[in-house]
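Observations on chain architecture
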Amino acid sequence: MKTKTVELVASPRAPHFVGDGFRVHNFIPSGFRMDMQRMDPFIMLDYNSTYKFPPSEKPKGVGVHPHRGFETVTIAYKGKVAHHDSSGGGGIINEGDVQWMTAASGVLHKEYHEKEWSKTGGDFQMVQLWVNLPAKDKMSAPKYQAIKNSEIQRYALENNSGFIEVIAGDYNGIKGAASTFTPIHMLNAQLNKGGTAAFNFPSDYNTVVLVLEGNIVINDNDEAPTDHLALMANDGEAFQIKAIDDALVLVLSGAPINEPIAAHGPFVMNTHQELQEAFDDFNNGKFGYLED
Ligand code: MN
């Protein structure tokens with residue numbers, strides 16, 4: 001087995017607001033080595049680093065908007081997110097929960113800070129990831145996987161190193177809570193100071209490591225501080241993370257879909273024509289209706 005080396009450690013870019021409720025650093029897609037094709041099947045990654053929102057009677061967030069052709073995955077680390085969609089669905093993503101929404105043929109939805117949480121405010125930390133769908137599944141029916149933290153299995157690491165939460169894929173035989181269309185591993189590594197965790201993914205899987213808390217060293221060689229993202233090279237399978245202090249790390253690894261990508265705003269399709277159809281369908285009300 002060859003070592004998978006670090007290709008790049010990216011610092012967080014200047015934050016911007018999505019609506020008025022999500023203060024994010026965008027890591028994917030970035031023209032600097034992390035565009036959609038390079039990161040396939042991970043086509044967007046916005047990271048809301050820990051940010052204190054003041055109390056607000058009116059929940060902050062982002063209003064009604066469409067998605068088609070992919071999945072949105074929301075991981076709430078601190079704070080709570082409420083969502084509603086055009087099929088009448090809705091729910092609350094609590095701390096530690098994961099919402100895996102398959103937009104596929106199309107949904108309208110809105111995402112806000114949960115009402116009661118909003119009234120007190122506090123630290124908010126979240127990841128939103130877009131996972132591409134293969135052409136054959138882009139127009140399938142939308143669905144949700146609302147995954148409670150208690151449903152996510154954990155693997156206890158040796159030597160009091162901490163544990164791995166398996167959101168999707170698997171880790172040392174522990175299966176992920178989420179079902180995926182293409183092979184994806186999505187893991188939260190909660191590491192104690194000095195703890196280590198080993199990972200092993202096929203070399204062609206595109207792989208990133210996002211540091212949410214603490215500081216880590218990868219392969220005893222590359223330091224990745226808090227709020228930084230390490231892009232792993234496609235040169236081997238195995239790598240190791242060591243926590244310099246107590247650390248929380250999101251590890252993503254996915255098989256590339258290797259299909260053409262045509263993306264504009266909230267639509268990610270394979271061809272320009274399909275993008276045009278998405279805009280036409282949206283403008284003609286085919287995504288349904290949702291009150292703002
Ligand atoms: Mn959305």
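Below is a summary of the structure that appears in this document. (Residues numbered from 1 in each chain as written. Predicted model: local features only at pLDDT ≥ 70, side-chain atom pairs only at ≥ 80, totals over all residues. Heavy atoms only, no water.)

Generally speaking, soluble globular proteins have nonpolar side chains that are buried together. By size, the foremost hydrophobic cluster in this structure holds 32 residues, and its most contacted members are Leu45, Ile75, Trp100, Val127, Met186, Leu210 and Leu250. Not counting the four nearest positions on each side in its chain, leucine 45 is found in contact with His25, Asn26, Phe27, Ile28, Val127, Gln128, Leu129, Leu210, Leu229 and Leu252. Grouped together as the second largest cluster of nonpolar side chains are 27 residues, Ile218, Ala247, Val251 and Ala255 included. (Core = buried A, V, L, I, M, F, W, Y, C linked by side-chain atoms within 4.5 Å. Buried < 20%, exposed > 50% of the residue type's maximum accessible area, 1.4 Å probe, protein only. Contact = heavy atoms within 4.5 Å.)

So, on to helix α3 (residues 272-283). For α3, built from twelve residues, the straight-helix expectation of 16 Å at 1.5 Å per residue is met to within 8% by its first-to-last C-alpha distance of 17 Å. Looking only at α3, the buried set comprises Leu275, Ala278 and Asp281. Looking straight down α3, one finds its buried side chains confined to an arc of 125 degrees; they lie on one side. Among the exposed residues of α3, those oriented more than 90 degrees off its buried face are His272, Gln273 and Asn283. Of the residues one or two after α3, glycine 285 is the one with positive phi, at around 75 degrees. (Helix = DSSP H or I, 4+ residues; strand = E, 2+ residues; numbered from the N terminus. Expected span 1.5 Å × (residues − 1). Arc of directions from axis to C-beta.)

Okay, the packing of aromatic side chains next. Under the defined criterion, the tally for this structure stands at 16 aromatic pairs. Between phenylalanine 267 and phenylalanine 287, the ring centres sit 5.8 Å apart and the planes meet at 50 degrees, which makes this aromatic pair tilted. Residue phenylalanine 267 is found in strand β26 (residues 267-269), and its partner phenylalanine 287 is found in the segment after α3; the two are separated by 20 residues along the sequence. Each member of the pair phenylalanine 267 and phenylalanine 287 is classed as buried. In textbook terms, an aromatic cluster arises when at least three aromatic residues are bridged by ring pairs, as seen for Phe17, Phe22, Tyr51, Phe53, Trp117 and Phe124. (Phe/Tyr/Trp six-rings, centres within 6.5 Å; stacked < 30°, edge-to-face > 60°.)

For a metal with four tetrahedral donors the ideal donor-metal-donor angle is 109.5 degrees, whereas six octahedral donors ideally subtend 90 or 180 degrees. Within the protein, the manganese ion binds to His65 (NE2), His67 (NE2), His109 (NE2) and Glu111 (OE); these donor distances fall in the range 2.1 to 2.5 Å. Written as a sequence motif, the donor residues of the manganese ion are H-x1-H-x41-H-x1-E. Classification of histidine 65 as buried rests on a relative accessible area of 17%. (Donors = N, O, S within 2.8 Å, 3.2 Å for Na, K, Ca; no water.)

Attention now goes to the environment of aspartate 35. Summarising the element assignment, aspartate 35 is placed in the loop between β3 (22-28) and α1 (36-39). Along the primary structure aspartate 35 and proline 134 are separated by 99 residues, whereas in three dimensions their C-alpha atoms are 17 Å apart. When neighbours within four sequence positions are excluded, aspartate 35 is seen to be in contact with Pro29 and Ser30. There is a polar contact of 2.9 Å between the side chain of aspartate 35 and the backbone nitrogen of arginine 38. (Polar contact = N/O pair within 3.5 Å; in protein donor to acceptor, adjacent residues only side chain to side chain.)

Reading across the sheet, the seven strands line up as β2-β3-β4-β11-β6-β9-β12 and stay open at both edges, with antiparallel pairing between neighbours. Edge positions in the sheet fall to β2 (16-18) and β12 (143-147), since each of these pairs with one other strand and no more. Here the strands of the sheet are splayed against their neighbours by 25 degrees on average, with no regard to which way each runs. Pairing geometry for strand β6 (residues 70-78) and strand β9 (residues 98-102), over five bridges, is antiparallel. By the bridge assignment, isoleucine 75 is partnered in β9 with valine 98. (Pairing = 2+ DSSP bridges. Axes fitted to C-alpha atoms, helices over the stretch in contact; angles between N-to-C directions.)

By themselves, these are just geometric observations and shouldn't be taken as functional.
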